[in-house]
Amino acid sequence: MGFNIAIDGPAGAGKSTIAKMIAAKMGYIYVDTGAMYRAMALYLLREKAATEQIDGKCQEADITIAYENGEQVVYLNGENVNAYIRTEEVGRMASVSSPNPQVRKKLTQLQQKLAADTDVVMDGRDIGTCVLPDAQVKVYLTADSHERALRRYKELVEKGESCDLETIEKDIIERDRQDMTREISPLKQAEDAVLIDSSHMTVEEVANAVIALCQSGKQL
Ligand code: DC
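All values reported here derive from a predicted model rather than from experimental measurement.

Peer 1: Hey, could you run me through the sheet that holds strand β7 (residues 137-142) in this one?
Peer 2: Hydrogen bonding along the main chain pairs the strands of a sheet, whether they run parallel or antiparallel. Reading across from one edge, β2-β6-β1-β7-β8 is the order of the five strands in this open sheet, with parallel pairing throughout. Edge positions in the sheet fall to β2 (29-32) and β8 (194-197), since each of these pairs with one other strand and no more. With strand direction ignored, the average angle separating the axes of adjacent strands in the sheet is 20°. Sheet analysis places strand β1 (residues 4-8) next to strand β6 (residues 120-124), joined by five bridges and oriented parallel. Among the inter-strand pairings, I7 is bridged to a residue of β6, identified as D123. Docked against the sheet, helix α5 (residues 101-116) engages β1, β2 and β6, running at close to 160° with respect to β6.

Peer 1: Could you clarify how one ought to interpret the packing of helix α2 (residues 33-46) against α5 in this entry?
Peer 2: A pair of packed helices is captured by two measures, namely the crossing angle of their axes and the spacing between those axes. For the pair α2 and α5, interaxial distance at closest approach is 11 Å and the crossing angle is 140°. Looking at the two axes, α2 sits oblique to α5. As for how α2 packs across α5, the hand of that crossing is right-handed. Between α2 and α5, the residues in contact are T33, M36, Y37 and M40 and V103, R104, K106, L107, T108, L110, Q111 and L114, respectively.

Reading guide: rules and limits
Residues numbered from 1 in each chain as written. Predicted model: local features only at pLDDT ≥ 70, side-chain atom pairs only at ≥ 80, totals over all residues. Heavy atoms only, no water. Pairing = 2+ DSSP bridges. Helix = DSSP H or I, 4+ residues; strand = E, 2+ residues; numbered from the N terminus. Axes fitted to C-alpha atoms, helices over the stretch in contact; angles between N-to-C directions. Contact = heavy atoms within 4.5 Å. Parallel < 35°, antiparallel > 145°, perpendicular 65-115°, else oblique. Left-handed = near helix turned anticlockwise from the far one by under 90°.

As structure tokens, then:
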């Protein structure tokens, strides 16, 4: 088994920023599992699959990942779909399709295979609890919903998109509720995960805290 770092937490807590930074600093592979759920959602949208068709349709989606210029690239039936998976529409579909047991089974197997003999930093919702229960380091990264909304708001403003802070915060709270209350693999802190609340921390401070955990984990 490679050295596995699992980072879970709600939307907007900074998981991918931190995971990417740690992967770069430690020379590990970053695995963004949300991107896989998004690629599956994109397939289901393109196929106009109704909720009751997800079980069957998800079996037709061959999702693989590769690394090109240090970036994770998601392939859906052979097509690079990175440019299409970050939309609000795909995000909404992903929260509908990700609770499906067949979808989770398929993507969990892929994620476990990736981590089997490679050093990885993997982020998602169920990595420490279900995908990599034996990960050497588990972090549950969170921040209060107002702070997460503010970060998202600033990102959108920087991109020149018009948006409303209150709506973003409402959306975040709703996504949290869906992720935390679903029956299979709900978002929750693993018993052996270290809780980091990034509300009042810089990105560097959070990354350093995780790296310190990895260093102590390696000495165990
Ligand atoms: O982190 P993200 O916004 O890219 O995730 C997209 C969706 O996939 C979101 O609804 C949560 C879900 N997801 C999941 O259920 N399990 C994971 N390991 C990662 C993401």
